[in-house]
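# Commentary on secondary and tertiary structure
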Amino acid sequence: MTTKQNIEKVLWNACDSFRGKIDSSRYKDYILSMLFVKYLSDVYKETREKYEKQYKGDKQRVERAMSRERFVMDESSTFDYLYEKRNDNQIGQKINVALAAIENNNSAKLHDVFRAIDFNSTVDFGEPKEKNATLKNLLEDFKDLDLRPSQLDNADIIGDAYEYMIANFASDAGKKGGEFYTPNKVSELVARLVKPKENDRIYDGTCGSGGLLLKAFAQIKNRKARIYGQEQNMQTWALCRMNMFLHGVDDAVIWQGDTLSNPGNIENDHLMKFQCIVANPPFSLDKWDSGFLGDASENDKKAKMSADLDPYKRFDWGVPPTSKGDYAFVMHFLHSLDDATGRMGIVLPHGVLFRGASEGKIRQTIIEKFNFLDAVIGLPANLFYGAGIPACILIFRKNRGANERVLFVDASGDEHYEKGKNQNILREQDVAKIVDTYKTYLADPSYGGEEKYSYVATLDEIKENDYNLNIPRYVDTFEEEALVDIDEVKTNIENIEDELSKVQKQMAKYMKELGL
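A few points on the structure. Computed from a prediction, not measured in an experiment: that's the story for all the values here.

Further remarks concern helix α18 (residues 428-443). For α18, built from 16 residues, the straight-helix expectation of 22 Å at 1.5 Å per residue is met to within 8% by its first-to-last C-alpha distance of 22 Å. Among the residues of α18, those classed as buried are D430, V431, A432, I434, V435, T437, Y438 and Y441. Residues of α18 that are buried in the fold lie against α10 (184-194), β8 (373-378), β9 (391-397), β10 (405-410) and β11 (454-458).

Here's what the structure looks like:
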């Protein structure tokens, strides 16, 4: 049987084939694409063998049955064919042709997933001799990996291994890693807080490689929900599409483009509405409005974003500063949230809680006029790749009715996480404590919080704080220092001085005996 560990070992061996030749931010795409091709090939091979046995070699019936399968492949696109050609001088081009055929034969599900990758690239691989050697090694690394469904330890290990590698590439990529990956336990926490339900439309407009969407989808046991997402980076968009396919989510709708200036979630000229939104947008994105300004920003350095430039009226509550895109994403998501049952969990930097000017006005409008804010959860520092600053999760709910309370949680203390070598880690008990606290708050109107951990504030209290949501204003985690006993300190000093005097006398005696 093939285990998750077997797959991870092969993937790391493949990494060794690239290290020192190509930057890890690039070679992850080649390795994960090859894993994808190997998986498709092995499923295709086993399925074909099953039908050949079932129909006793009747080619016509076999082909008819294969055409109704989840995906279509031809022999010249399989991994086995590419492996046979591993010594070919044009192996890079042959891989490209195979990938193009996979896309064309499965255009509804896999259109353009390989568009941003080129196995024949001289930029990444160098001259033909070096390129061919690297690609030969890559094919040999995957040769003995058996990904036939009958040989897999469980149905989820391909998707799990894919996610595992994305996480490791994110760690290796440092700051850039945060662009395409949200740590596993943070994703799970957000998903559990918003509680996706059967028949929900689940959306993430900054979905990266799709991990947060998949965590939300996994909360629905019968998998009866629809996934929607958008990602601007073409390579990361492709990773997301493959990630969805490997997790058995064939009908996910993932748009490619700038979510703010070119949102994909348009339905009848209006923003689509979603019952459940999860998101971890780029922290404090600079020049978030450049897609609205277009050529104006090139010709006029003083060109400014204004609410009337957005046809969907998302910024009528205020226009965030050009250097801080956090509230631009918040307003996009709130305008995309279902008015009746919409729940939203979004990961943001702490600055959104207290920054003033236009952001302060937007924050006040969201709380005072619309009453959408449901919870503010402070997380430990250094959880995210390339961002050592502490983050928070804001929970929003449409149709809160007469609820005039907001839950504040301070989960940043040392006892609420595990310290890691490069990144700190949320443990299961840390996630469970936050989720249980939120559940109690929702279920019990009399719940006031837990000392030094959580507090339920009224909207009047928030108003008194000028709509500043900085968590220490609400959750007092101050530890009083023990009172100092001056008499005891005085006695200790006297004892030390007495000991010192005795030592000095003894030293003087020794010096005299030595004639010094």
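For the rest of this paragraph, the subject is the packing of helix α2 (residues 24-54) against helix α8 (residues 128-142). In a packed pair of helices, the relevant descriptors are the angle between the two axes and the axis-to-axis distance. It is the contact of α2 with α8, at a shortest axis distance of 11 Å, that shows an interaxial angle of 45°. One finds that α2 runs oblique with respect to α8. Crossing handedness for the pair α2 and α8: right-handed. Of α8, the residues touching α2 (which contributes I31, M34, L35 and K38) are L138, L139 and F142. In terms of residue class, the contact of α2 with α8 is made up of six nonpolar, no polar and one charged.

Bringing the environment of R241 into the picture now. The topology assignment puts R241 in helix α12 (residues 234-246). Once the C-alpha coordinates of R241 and F114 are considered, the two residues, 127 residues apart in sequence, prove to be 10.0 Å apart.

Residues of strand β6 (residues 276-279) alternate between two faces, with C276 and V278 on one and I277 and A279 on the opposite face, all of them buried. Examined bridge by bridge, strand β1 (residues 201-204) and β6 share two bridges and lie parallel to one another. The partner of Y203 across the bridge, within β6, is I277. Here β6 runs beside strand β7 (residues 343-349); their pairing, made up of four bridges, is parallel. When the bridges of β7 are listed, C276 appears paired with R343.

Together, K56, R61, R64 and R68 line one region of the surface with positive charge. When you line up the elements, K56 lands in the loop between α2 and α3 (59-67).

By the definition in use, this model includes 23 aromatic pairs. Between F18 and Y27 the ring centres are 5.6 Å apart and the planes differ by 20°, which places this aromatic pair in the stacked class. The same class applies to F18 and to Y27, which are both buried. The cationic tip of R70 hangs over the ring face of F245; the distance from NZ or CZ to the ring centre is 3.9 Å. Over the aromatic face of Y83 sits the side chain of R86, whose NZ or CZ is 4.0 Å from the ring centroid.

Mapped onto the secondary structure, E46 falls in helix α2. As a buried residue without a salt bridge, E46 has its nearest oppositely charged side chain in R148, at a separation of 4.4 Å. At 2.3 Å, the side chain of E46 and the side chain of S150 are in polar contact. Setting aside anything within four residues of it in sequence, one finds E46 in contact with R148, P149 and S150.

Rules of the game
Residues numbered from 1 in each chain as written. Predicted model: local features only at pLDDT ≥ 70, side-chain atom pairs only at ≥ 80, totals over all residues. Heavy atoms only, no water. Helix = DSSP H or I, 4+ residues; strand = E, 2+ residues; numbered from the N terminus. Expected span 1.5 Å × (residues − 1). Buried < 20%, exposed > 50% of the residue type's maximum accessible area, 1.4 Å probe, protein only. Contact = heavy atoms within 4.5 Å. Axes fitted to C-alpha atoms, helices over the stretch in contact; angles between N-to-C directions. Parallel < 35°, antiparallel > 145°, perpendicular 65-115°, else oblique. Left-handed = near helix turned anticlockwise from the far one by under 90°. Nonpolar A, V, L, I, M, F, W, Y, C, P; charged D, E, K, R; others polar. Pairing = 2+ DSSP bridges. Patch = residues over 30% accessible without salt bridge, like charges linked within 9 Å, V, L, I, M, F, W, Y side chains within 5 Å. Areas by Shrake-Rupley, 256 points an atom, 1.4 Å probe, with all protein chains shown as cover. Salt bridge = Lys/Arg side-chain N within 4 Å of Asp/Glu carboxyl O. Lys, Arg positive; Asp, Glu negative; His and termini not counted. Charge placed at Lys NZ, Arg CZ, Asp CG, Glu CD. Phe/Tyr/Trp six-rings, centres within 6.5 Å; stacked < 30°, edge-to-face > 60°. Lys NZ or Arg CZ within 6 Å of the ring centre and 35° of its normal. Polar contact = N/O pair within 3.5 Å; in protein donor to acceptor, adjacent residues only side chain to side chain.

So yeah, pure geometry; function would need other evidence.
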